[in-house]
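# Coordinates in review
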Amino acid sequence: MIFLQLFWEFFKTGLFSIGGGLATLPFLKAISLKYPWFTPNDLLDMIAVSESTPGPIGVNTATYAGFHAAGVLGALTATCSLVLPSVVIIILISRALTRFRDSALVKDAFYGLRPASAGLIFGAMLEVFAASLLHMELWGGFSRLTAVLNLPAIAFFLLLSLAIWKLPRLHPILFILIGAVCGVLFQF
């Protein structure tokens, strides 16, 4: 039964998350709230690791959740079911696109997918931003706004953003390593 649940949830995620790895985040959050495979906090950690390691976020998260839920077979089930819709759609589109390449309807449909994809990615960015830089569980109205702000994380975010802007010749891996070290330090 768990393999069927893994397959179905990650198949839906792969089918409807148009726009890449970050577009999977709203679906992954819903999965984390519905099943005990990973928590919303685990999802934040998986995003951090996925952004600093090879592979798309969705695939890495599906593999993690599947392994956590049902071992190696669960990891294979979740990962394969996540990529299956894309593979099927690519095969179908590649065959049909040669016939409908110049169709205004097809061009308009692809154009219409752009805002939906951008909206999913923007929503995911807001979720990560709020979870990383704010303590929303402490929200008690605007009078307690300072309690909500995670000042060390905000200061680090602004400092790192300034460094990335002012030091563009430094390799991005250096910033990823700095972020990873600070993330570990902020846990204590």
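One can find the structure itself at the top, above this paragraph.
Here's what I pulled together on the structure shown here. (Residues numbered from 1 in each chain as written. Predicted model: local features only at pLDDT ≥ 70, side-chain atom pairs only at ≥ 80, totals over all residues. Heavy atoms only, no water.)

## Considerations on the pattern of salt bridges
A full pass over the atoms with the stated rule returns three salt bridges. In this structure, Glu9 engages Lys34 in a salt bridge whose closest nitrogen and oxygen atoms are separated by 3.2 Å. Taken together, the positions of Glu9 in helix H1 (residues 2-16) and Lys34 in helix H2 (residues 25-34) put the pair 25 residues apart, joining distant regions of the chain. Residue classification places Glu9 among the buried positions, given a relative accessible area of 6%. The class of Lys34 is exposed, set by a relative accessible area of 53%. Two residues, Glu127 and Lys29, come together in a salt bridge whose shortest N-O distance is 2.9 Å. Placement of Glu127 in helix H5 (residues 104-133) and of Lys29 in helix H2 is noted, with a sequence separation of 98 residues between them. When salt bridges with common partners are traced through the structure, they connect Glu9, Lys12 and Lys34 into a single cluster. (Salt bridge = Lys/Arg side-chain N within 4 Å of Asp/Glu carboxyl O. Helix = DSSP H or I, 4+ residues; strand = E, 2+ residues; numbered from the N terminus. Buried < 20%, exposed > 50% of the residue type's maximum accessible area, 1.4 Å probe, protein only.)

## A word on the environment of Val59
Position of Val59 relative to the elements: it lies in helix H4 (residues 57-100). Sequence separation of Val59 and Asp45 is 14 residues, and the distance between their C-alpha atoms is 15 Å. Excluding anything up to four places from it in sequence, Val59 contacts Thr79, Leu82 and Val83. (Contact = heavy atoms within 4.5 Å.)

## What about the side chain of Ser81?
Tracing the backbone through its elements, the reader meets Ser81 in helix H4. Taking relative accessible area as the criterion, Ser81 reaches 0% and is therefore assigned buried. Separated by 3.0 Å, the side chain of Ser81 and the backbone oxygen of Ala78 make a polar contact. Beyond its immediate stretch of four places on either side in the chain, Ser81 contacts Leu6, Phe7, Phe10 and Phe11. (Polar contact = N/O pair within 3.5 Å; in protein donor to acceptor, adjacent residues only side chain to side chain.)

## A short note on the packing of H5 against helix H7 (residues 151-166)
Running from N to C, H5 and H7 point in directions that differ by 125°, and their axes come no closer than 8 Å. What the angle tells us is that H5 and H7 run oblique. Residues Phe129, Ser132 and Leu133 of H5 lie in contact with H7, whose contacting residues are Ala153, Ile154 and Phe157. (Axes fitted to C-alpha atoms, helices over the stretch in contact; angles between N-to-C directions. Parallel < 35°, antiparallel > 145°, perpendicular 65-115°, else oblique.)

## So, the packing of aromatic side chains
One pair of aromatic rings is described through two measures. These are the centre distance and the angle between the planes. One pass over the structure, following the stated rule, counts four aromatic pairs. A ring pair is formed by Phe7 and Phe11, whose centres lie 5.6 Å apart and whose planes are at 15°; its orientation type is stacked. Placement of the pair is Phe7 and Phe11 together in helix H1, with a separation of four residues, close to one helical turn. Cluster of aromatic residues (ring-pair linked, three or more members): Phe10, Tyr35 and Trp37. Its guanidinium or amino end placed over the ring of Trp165, Lys166 lies 4.4 Å from that ring's centre, counting from NZ or CZ. (Phe/Tyr/Trp six-rings, centres within 6.5 Å; stacked < 30°, edge-to-face > 60°. Lys NZ or Arg CZ within 6 Å of the ring centre and 35° of its normal.)

## Here's the deal with a nonpolar patch on the surface
A contiguous nonpolar surface patch, about 550 Å² in accessible area, is contributed by Leu15, Phe16, Ile18, Ile89, Ile93, Phe110 and Leu113. Listed by contribution, the elements that provide at least two residues to the nonpolar patch are H1, H4 and H5. Structurally, Ile18 can be placed in the loop between H1 and H2. When its relative accessible area of 40% is taken as the criterion, Ile18 is described as partly exposed. (Patch = residues over 30% accessible without salt bridge, like charges linked within 9 Å, V, L, I, M, F, W, Y side chains within 5 Å. Areas by Shrake-Rupley, 256 points an atom, 1.4 Å probe, with all protein chains shown as cover.)

## Points about the nonpolar core
For soluble globular proteins, nonpolar side chains are generally found buried alongside one another. Grouped together as the largest cluster of nonpolar side chains are 17 residues, with contacts concentrated most on Phe10, Leu25, Leu28, Ile31, Trp37, Phe38 and Leu43. For this core, the secondary structure elements donating two or more residues are H1, H2, helix H3 (40-52) and H4. Counting residues per element, this core draws most heavily on H4, at five residues. Beyond its immediate chain neighbours, meaning those up to four positions away, Phe10 contacts Leu28, Ile31, Trp37, Phe38, Ala62, Ala65, Ala78, Ser81 and Leu82. (Core = buried A, V, L, I, M, F, W, Y, C linked by side-chain atoms within 4.5 Å.)

## Some details on the packing of H2 against H3
Look at H2 against H3: their axes get within 9 Å of each other, and the N-to-C directions meet at 145°. Between H2 and H3 lies a crossing of right-handed hand. Each of Leu25, Leu28, Lys29, Ser32 and Leu33 in H2 lies in contact with H3, whose residues at this interface are Pro40, Leu43 and Ile47. Class assignment for the residues of the contact of H2 with H3 results in six nonpolar, one polar and one charged. (Left-handed = near helix turned anticlockwise from the far one by under 90°. Nonpolar A, V, L, I, M, F, W, Y, C, P; charged D, E, K, R; others polar.)

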